[in-house]
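Architecture and fold: a report
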Amino acid sequence: MKEKTPPRLIGMSGSLRTGSYSNAVLETLREKFAGTADLIVWDLASIPPYNQDLEGEKRPAPVKALLAAIKKADGVVLCAPEFNHSIPGVLKNALDWASRPAFTSAMAYKPVAVMATSPGPQSGARCLEHMKVALDSMLARVVLARECVITSVAAKIRDGRLVDETSLAFACSAVEELLREIRLRQMAKELVE
Ligand SMILES: Cc1cc2nc3c(=O)[nH]c(=O)nc-3n(C[C@H](O)[C@H](O)[C@H](O)COP(=O)(O)O)c2cc1C
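The text that follows walks through the structure, step by step, so that each part is easy to find. (Residues numbered from 1 in each chain as written. Predicted model: local features only at pLDDT ≥ 70, side-chain atom pairs only at ≥ 80, totals over all residues.)

1. Thoughts on the site of the ligand
Looking at the ligand, there are 17 residues lining it, with Ser15, Ser22, Pro81, Ser118 and Ser123 nearest. Residues belonging to the shell around the ligand are distributed by class as follows: four nonpolar, 11 polar and two charged. (Near = placed C-beta within 6 Å. Nonpolar A, V, L, I, M, F, W, Y, C, P; charged D, E, K, R; others polar.)

2. Digging into the nonpolar core
In a soluble, globular protein the nonpolar side chains are often hidden away together inside. Within the largest apolar cluster, 52 residues are counted, with the highest numbers of intra-cluster contacts made by Val25, Val77, Leu78, Met115 and Val175. When residues no more than four places from it in sequence are discounted, the contact partners of Val25 are Cys79, Met115, Thr117, Ile150, Leu162 and Ala171. (Core = buried A, V, L, I, M, F, W, Y, C linked by C-beta atoms within 7 Å. Buried ≥ 20, exposed ≤ 12 C-beta atoms within 10 Å, placed from the backbone. Contact = placed C-beta atoms within 7 Å.)

3. Considering the packing of helix α2 (residues 61-72) against helix α3 (residues 89-98)
Two quantities define a packed helix pair, namely the angle between the helix axes and the distance between the axes. Contact pair α2 / α3: the axes reach a minimum separation of 10 Å and the direction vectors enclose 75°. Here α2 lies roughly perpendicular to α3, going by the angle between them. Here α2 contributes Val63, Leu66, Leu67 and Ile70 to the contact with α3, which in turn contributes Ala94, Trp97 and Ala98. Of the residues belonging to the contact of α2 with α3, the class tally is seven nonpolar, no polar and no charged. (Axes fitted to C-alpha atoms, helices over the stretch in contact; angles between N-to-C directions. Helix = DSSP H or I, 4+ residues; strand = E, 2+ residues; numbered from the N terminus. Parallel < 35°, antiparallel > 145°, perpendicular 65-115°, else oblique.)

4. Thoughts on the packing of helix α1 (residues 21-32) against helix α5 (residues 165-192)
Axis separation between α1 and α5 bottoms out at 11 Å; the angle between their running directions is 65°. Of the two elements, α1 crosses α5, and the hand of that crossing is right-handed. Within the contact between the two elements, α1 uses Val25, Thr28, Leu29 and Lys32 and α5 uses Leu168, Ala171, Cys172 and Val175. For the contact of α1 with α5, a count of residues per class yields six nonpolar, one polar and one charged. (Left-handed = near helix turned anticlockwise from the far one by under 90°.)

5. Side note on the environment of Ser118
Among the secondary structure elements, Ser118 is positioned in the loop between β4 (111-117) and α4 (125-137). Not counting residues up to four positions away in its chain, the partners in contact with Ser118 are Pro81, Glu82, Ser123, Gly124, Thr151 and Val153.

Fair warning: the whole summary comes from geometry, so function is off the table for now.
What follows is the structure, encoded as structure tokens:
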């Protein structure tokens, strides 16, 4: 029987901050799922502002690399901090690049797990909702999972890792749902081959 390679996942946060809590969550998931899935946490620092003059072959090299990585990935994991009750511009900008050409882009039909963080006790949900709306528009498939909003995040990160058991369980269950969706797609593909 053919040896199966673990599903490839690409993670993005939209925070460029050293010591980012959202990146810490992604790094924790990368370690937690090592051996089960290969999660690459993509650094968006080199992605320039979106410019519609630069589509197709004219895309800047870092954008081409990001789009190729998304295309190659079986799924996407987004863990973003809430910025002004919405998505951080860095992540939205990357998604704007990745959403073109409209409806046939690297994001179209791609399964995505979404989670949001906030240092506040009650925020984050709006960022999560706005991510879902943007992902809907590019025909990405947000996987159904228990909603993962990691509030009071600063207290839940230690040494660059998410240590709060409850939040970690929510984050892991979002990734598990993503992996289930990827497995189902693989099975469907094998059935028709
Ligand atoms: C421009 C800006 C806007 C922000 N707006 C919100 C907000 O609306 N809600 C919230 O909970 N936190 C808000 N924050 C706080 C960020 O969520 C916090 O700085 C977070 O730690 C950044 O994410 P990171 O740790 O992954 O870098 C904002 C921060 C910045 C810089």
